[in-house]
Amino acid sequence: MSTFAKPENALKRAEELITVGQKQEALQALHDLITSRRYRAWQKTLERIMFKYVELCVDMRRGRFAKDGLIQYRIVCQQVNINSLEEVIKHFMHLATERAELARSQAQALEEALDVEDLEADKRPEDLMLSYVSGEKGKDRSDRELVTPWFKFLWETYRTVLEILRNNSKLEGLYAMTAHRAFQFCKQYKRTTEFRRLCEIIRNHLANLNKYRDQRDRPDLSAPESLQLYLDTRFEQLRVATELELWQEAFRSIEDIHGLMCLVKKTPKASLMVVYYAKLTEIFWISSSHLYHAYAWLKLFSLQKSFNKNLSQKDLQLIASSVVLAALSVPPYDHSQGVSHLELENEKERNLKVANLIGFDVEPRSEGKEVLSRAGLLAELVSKGVMSCVTQEVKDLYHLLEHEFIPLDLATKVQPLLTKISKLGGKLSSASSVPEVQLSQYVPALEKLATLRLLQQVSQVYQTMKIETLSKMISFFDFAVVEKISVDAVKHNFIPMKVDHMKGAVFFGEQTLESDGLRDHLALFAESLSKARVMIYPPVKKARKLGETLSGLSEIVEKEHKRLLARKSIIEKRKEEQERQLLEMEREEESKRLKLQKITEEAEQKRLATEYEQRKNQRILKEIEERELEEAQALLQEAEKRSKKKGKKPVLEGEKITKQTLMEMALTEQLRERQEMEKKLQRLAKTMDYLERAKREEAAPLVEATFQQRLVEEAAVHEREEQQEIELSRQRHAGDLEEKRRLGRMLENKKLFHDRVVSRREDEFNRLRKESQDRINQIIQTRKQEREIQRKMIYYLRAEEERLRRLREEEEAQQREEAERRRKEEAERKAKLDEIAEIQRQRERELEEKAKKMREEALGKPSSVAPRPADPPAVARPTDPVPTVPAVAAQNTGKYVPRFKRQQSEAAGQAPPPETGGSKLDDRASLPGDRWRDDRRPSYGGGASRPTWSLNRNRER
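Position labels on residues start from 1 in each chain and follow its written sequence. Restriction of local features to residues with pLDDT of at least 70 applies here, the model being predicted, together with a cutoff of 80 or more for giving and counting side-chain atom pairs; totals for whole chains, interfaces and linings are based on all residues. Just so you know, side-chain values use all the structure's heavy atoms and leave hydrogens and water out.

With an unreviewed UniProt entry as reference, the protein is termed Eukaryotic translation initiation factor 3 subunit A, source organism Coffea canephora. What UniProt records for the protein under Subcellular location (unreviewed entry) is the sentence "Cytoplasm". UniProt positions are given in the numbering used here, feature names are shortened, and annotations may be inferred rather than shown by experiment. Database annotation for the protein, UniProt heading Sequence similarities (unreviewed entry): "Belongs to the eIF-3 subunit A family."

See the structure below:
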């Protein structure tokens, strides 16, 4: 890793490397500088380094290096100079786009260039060989070699920039611009796969933005500028998805827009909502959801009429006509007939979801939402005055298909109107979001609706009609198409009809078996007998008897009812308590995150949330009560109708009949009808079984006879084809012999050409093998010389290392010997000094004893006694010792004597008296102020004089 004292040095080094052609080393040097921790303070030089860095990354197509460098530069610039990062990223995208366009133009120029030697030849042999081997054209090859790598790098550039700029509030504009440019890239080059990935990336960025709300530089979606940028990006995504015909991705974009606005609880501007509903109409029309398509058109019409002040009368007529025709194109029957309960639930959820998208509620609610239906849509068209804005042809068609009853002339009157409507349409001058309206797209659906209306009206008038007559009445389609349409209508219980091709007729109405009439007669007879019996024997006594038998039944029922109501209320309270706790937990978490910014708004939010919850609970309770009341009334009305039909006494509201009793009665009636239907189906299945068995028995001999006849015919055909094949084989054999004879003349020439080619190739092979062998021998000789030089160098290095090691060992040995010698000399010197000190201490003790005796003698004898002649007079001389000097000398000795040795010497007692010469020497040496000169010599032998002089010299120093 390179290290530079200043960033300018790294830039200069990179330019030098680029000059000599080492771009990879220059890129690595700049990358090391950018990722280093030493340069984390922004300066202008770093910006110039980043410009050079991204240029190198683009030239070498190193997207990973560019991403790492931009991430590190973002860390440096985030809090200091974010505009610098914006400039670097713009430069990076500009370079990548420019190089991609350049590669594309080069590929086109290469394809269009006229580079052939023979103008009469269509293609060169090289081109033909490449096309046969690779199986692709020249343009495809040039795109794959030149254009595709740069397009891939450009796509990676967009992804890198979006990843770096995500969730950054200071660069929201650049993020939106990058997303728009990526959308245009996908649109221009038809990159559908990349467009799906781009939409998913942007969707994940928004999800992470909502998930991690505690980030430092997170964008605030509640700000109008940020919200507008995100909305513009989503609408651009919607436009590009529709232009690329990616309808599923377009619908997901619609959901993204709706989810974004629900997140911020705001509705977009009218101009954006016009685009929203215009794209919804296209999506629902492609998906054949005609009902949702019509509702989207209605919303679009309302927006254009309310907010577009420049809308002309002609454009308004076209839009209103589109709304009405889209509503008429919706099939007039319910598709939920005959489906399972699970499918019904899924369809209900889907309807609610689409209704929220069409209604654009920022607070979608599943309760109280109106169900989208064709009848409700047509009623809304009339109530909102859309019919007054449409053209006369559309208005006449609406009245014919919805209000008129003319089964015989319906098709003839509808046909000219559809012809006129198909010619209407064109571009809208005053509605930019809806550039073109073509009413001809609704003609097939209107023809199908006219066919259904005709069949419905005919079924109400006729019971039987010939197929020819019905085909003449319906001029839109052939009878096969009419039959297909009618099958769908019968499946959904819209038209009761049956087609009999054997008789060539169409039967309208319910087709029942002959035994059904007898069954009805017996049922009517049983009902009459039951009425007569009730009239003869009134049911009062029976009811009283039942009351006497079960006297406490009403109380038990009442208690059980109260218990169930109490249990229901407890469950509801528990649910409400659990919901309240969950809401409280969410509210507490939200208040913890926003307590520094929204302290003044907490009370207001709590109050609004409580009022909203109360209104919601009241509305739910009110709807539940109304629904239960409606169900009870419906059950009462059905019970009254059945009781009147059967001659029973109608059920009144004043009597004690509960909702549960009515539901049980209805369930019993449904069960009875179901059982009767099952019996009817069993009888019908048995009859069909007998009929099928009889037909097969009759058809068995006919099938056998047809099979035998077919065998005879096939045997004859086989014999004839076999003769033809033999004749063709003889002819081909003769032709092959002639071809062999013709080609046999060229055999000698072929052998000569073969030998010439083999010899030429053998010579070429021998030459190449010799050259290869020479080159290998040269390489072997070179490597031998290199190995010999390397071995000599290794031997020399090892010998030199051995010599140096021996020298170091000898020096270490000499040092150890010198240290040992010095240690021994020091030990000997210390031993001699200790011995001399011990001798001196003994002499000092002797002097002390002598002085003590002299003092005692001086104190014990009178001073008038004359000394003995043998003794010298006690006259003090300068050279004589003073009695008190030995103690002072003992304290001022130059050698330190350990305490334990002094104690041992004191405990040892008196030592033998020293010699006379030694005492004189010590007396002189211990006198204060006396110096020991070199010319002074003792009277005894000089054996001990030198050590004593050395000791005194040490003491003087």
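1. What about the overall build of the protein?
Numbering of helices and strands runs from the N terminus, with a helix taken as a DSSP run of H or I at least four residues long and a strand as a DSSP run of E at least two residues long. Counting its regular elements, the protein contains 31 helices and 5 strands. The buried share of the protein, taken over its 957 residues, is 29%. For the protein, the share of sequence-separated contacts (at least 6 apart) that also reach a separation of at least 24 residues comes to 72%. Taken as a whole, the protein presents about 66300 Å² of accessible surface, with 53% of it coming from carbon and sulfur. Summary of the burial criterion: residues with accessible area below 20% of their type's maximum are buried, those above 50% are exposed, and those between are partly exposed, where the area comes from a 1.4 Å probe applied to protein chains only. Any two residues whose heavy atoms approach within 4.5 Å at even a single point are treated as in contact. Computed with a 1.4 Å probe, the accessible areas rest on the Shrake-Rupley method; for each residue, only the protein chains presented here act as cover.

2. As for the confidence of the model for the protein
Within a predicted model, pLDDT stands for the predictor's per-residue confidence, ranging from 0 to 100. Per-residue confidence for the protein averages 77 on the pLDDT scale, and 76% of its residues sit at or above 70. In the predicted structure, residues 112-123 sits below a pLDDT of 50 and forms 3 contacts with residues beyond four places in sequence or in another chain. Per-residue pLDDT stays below 50 along residues 909-957; that stretch engages in 44 contacts with residues further than four places along the chain or on separate chains.

3. Some remarks on unusual backbone geometry
The general pattern is negative phi for most residues beyond glycine and trans for most peptide bonds. Phi at Glu245 takes a positive value of approximately 60°, unusual for a residue other than glycine. Note on placement: Glu245 falls in the loop between helix H10 (224-243) and helix H11 (247-264). With phi around 60°, Ser288 is a residue other than glycine that occupies positive phi space. By the secondary structure assignment, Ser288 is in the loop between helix H12 (270-286) and helix H13 (290-307).

4. Considering the sheet that holds strand S4 (residues 497-500)
Sheet architecture is open: 3 strands sit in the order S3-S5-S4, paired in antiparallel fashion. The sheet is open, and its two borders are formed by strand S3 (464-466) and S4, each paired with just one other strand. Between one strand axis and the next, the sheet turns by 20° as a mean value, whatever way the strands run. In this scheme, strands are said to pair when DSSP sees at least two bridges between them. Of the strand pairs in this sheet, S3 and strand S5 (residues 505-508) are connected by 3 bridges, and their pairing is antiparallel. Bridged to Met465 within S5 is Val506. In this description, a line fitted to the C-alpha atoms serves as the axis of each element, helices being fitted only across the stretch in contact, and the angle between N-to-C directions of two axes falls anywhere from 0 to 180 degrees.

5. Section: the pattern of salt bridges
Put simply, a salt bridge is a Lys or Arg side-chain nitrogen that is within 4 Å of an Asp or Glu carboxyl oxygen. This model, assessed by the stated rule, comprises 39 salt bridges. Of the charged contacts in the structure, one is a salt bridge between Arg239 and Glu236, with a shortest N-O distance of 3.5 Å. A residue pair is termed a helical-turn pair when its members lie 3 or 4 positions apart in one helix, as Arg239 and Glu236 do in helix H10 at 3 residues. Residue class for Arg239 comes out partly exposed when judged on its relative accessible area of 29%. We note a salt bridge from Arg710 to Glu714, for which the minimum N-O separation is 3.2 Å. One end of the pair is Arg710 and the other is Glu714, both in helix H26 (residues 659-744) and 4 residues apart, which spans about a single turn. When salt bridges with common partners are traced through the structure, they connect Glu200, Arg203, Glu249, Arg252 and Asp256 into a single cluster.

6. What to know about the pairing of S4
Both S4 and S5 contribute to a ladder of 4 bridges, which runs antiparallel. When the bridges of S5 are listed, Met497 appears paired with Phe508. Counting the residues between successive antiparallel strands, the hairpin from S4 to S5 contains 4 residues, one of them, Gly504, with a positive phi of roughly 70°.

7. Observations regarding the side chain of Thr451
Mapped onto the fold, Thr451 is located in helix H19 (residues 443-461). Beyond its immediate stretch of four places on either side in the chain, Thr451 contacts Ile474, Phe476, Phe477, Val482 and Ile485.

8. Thoughts on the nonpolar core
Residues Phe195, Tyr276, Leu325, Leu397 and Val414 are the most contacted members of the largest nonpolar core, which totals 160 residues. Leaving out residues up to four positions away in the same chain, Leu325 has contacts with Val394, Leu397, Ile421, Leu439, Tyr442 and Leu446. Within this scheme, the nonpolar core is defined by two criteria: the residues are buried Ala, Val, Leu, Ile, Met, Phe, Trp, Tyr or Cys, and they are joined through side-chain atoms within 4.5 Å.

9. Re the side chain of Thr97
Note that Thr97 resides in helix H5 (residues 82-112). Whenever two N or O atoms come within 3.5 Å, that pair is a polar contact, provided that in protein one can donate a hydrogen and the other can accept it, and provided that, for residues adjacent in sequence, both atoms are side-chain atoms. Within the structure, the side chain of Thr97 is placed 3.3 Å from the side chain of Arg181, a separation counted as a polar contact. When residues no more than four places from it in sequence are discounted, the contact partners of Thr97 are Leu154, Tyr158 and Arg181.

10. Digging into helix H3 (residues 44-60)
Taking 1.5 Å of rise per residue, the 17 residues of H3 would be expected to cover 24 Å, and the 25 Å separating its terminal C-alpha atoms lies within 8% of that figure. Looking only at H3, the buried set comprises Thr45, Leu46, Glu47, Ile49, Met50, Tyr53, Val54, Leu56, Cys57 and Val58. Phi turns positive, to about 55°, at Arg61, one or two residues after H3. Expected span of a helix: the number of residues minus one, times 1.5 Å.

11. Re the environment of Pro332
Along the chain, Pro332 falls in the loop between helix H14 (313-328) and helix H15 (341-359). The class of Pro332 is partly exposed, set by a relative accessible area of 22%. The residues touching Pro332, leaving out its near neighbours within four places in the chain, are Arg374, Leu449, Leu452, Arg453 and Phe494.

12. What about helix H17 (residues 392-402)?
For H17, the set of buried residues is Val394, Leu397, Tyr398, Leu400 and Leu401. Buried residues of H17, seen end-on, are gathered within an arc of 165° and therefore sit on one face of the element. Among the structural elements, H14, helix H16 (374-383), helix H18 (410-422) and H19 are those in contact with the buried residues of H17. By arc we mean the arc of the directions from the helix axis to the C-beta atoms, nothing more.

13. Looking at a nonpolar patch on the surface
Within this analysis, patches are made of residues with over 30% relative accessible area and no salt bridge. Like charges are joined at 9 Å or less; nonpolar side chains (Val, Leu, Ile, Met, Phe, Trp, Tyr) at 5 Å or less. Taken together, Met677, Leu681, Leu684, Met688 and Leu691 make up a surface patch of nonpolar side chains, about 470 Å² in accessible area. By secondary structure assignment, the location of Leu684 is in helix H26. Judged by its relative accessible area of 33%, Leu684 falls in the partly exposed class.

14. Regarding the packing of H11 against H12
Packing of H11 against H12 leaves a shortest axis separation of 10 Å and a crossing angle of 140°. Taken together, the axes of H11 and H12 are oblique relative to one another. By crossing handedness, the relation of H11 to H12 is classed as left-handed. From H11, Trp247, Ala250, Phe251, Ile254, Ile257 and His258 reach across to H12, where they touch Tyr276, Leu280, Glu282, Ile283, Phe284 and Ile286. With respect to orientation, any angle under 35 degrees is reported as roughly parallel, any angle over 145 as roughly antiparallel, any angle of 65 to 115 as roughly perpendicular, and every other angle as oblique. By definition, turning the near helix anticlockwise from the far helix through less than a right angle yields a left-handed crossing, and turning it clockwise yields a right-handed one.

15. Examining the packing of aromatic side chains
Here a pair means two rings of Phe, Tyr or Trp (six-membered ring of Trp) with centres within 6.5 Å. Their orientation is stacked below 30 degrees between planes, edge-to-face above 60, and tilted elsewhere. Applying the stated criterion across every chain, the model contains 13 aromatic pairs. Aromatic side chains Trp150 and Phe153 sit 6.0 Å apart centroid to centroid with 90° between the ring planes, which places their arrangement in the edge-to-face category. Of this pair, Trp150 and Phe153 both sit in helix H7 (residues 138-165), separated by 3 residues, roughly a single helical turn. Exposure class is identical for Trp150 and Phe153. Each is buried. The residue whose ring lies beneath Arg61 is Trp150, and the NZ or CZ to ring-centre distance is 5.0 Å. Distance and angle both matter: a charge sits over a ring if NZ of Lys or CZ of Arg is within 6 Å of the ring centre and within 35 degrees of the ring normal.

16. Quick look at the packing of H17 against H18
Running from amino to carboxyl end, H17 crosses H18 at an angle of 155°, the nearest separation of the two axes being 10 Å. When the axes of H17 and H18 are compared, the pair comes out roughly antiparallel. Viewed along their axes, H17 and H18 form a crossing whose handedness is left-handed. Contacts between H17 and H18 pair Glu393, Val394, Asp396, Leu397, Leu400 and Leu401 from the former with Leu410, Lys413, Val414, Leu417, Leu418, Lys420 and Ile421 from the latter. Any residue outside Ala, Val, Leu, Ile, Met, Phe, Trp, Tyr, Cys, Pro, Asp, Glu, Lys and Arg is labelled polar, Gly included; the first ten of those are nonpolar and the last four are charged. Of the residues belonging to the contact of H17 with H18, the class tally is 9 nonpolar, no polar and 4 charged.

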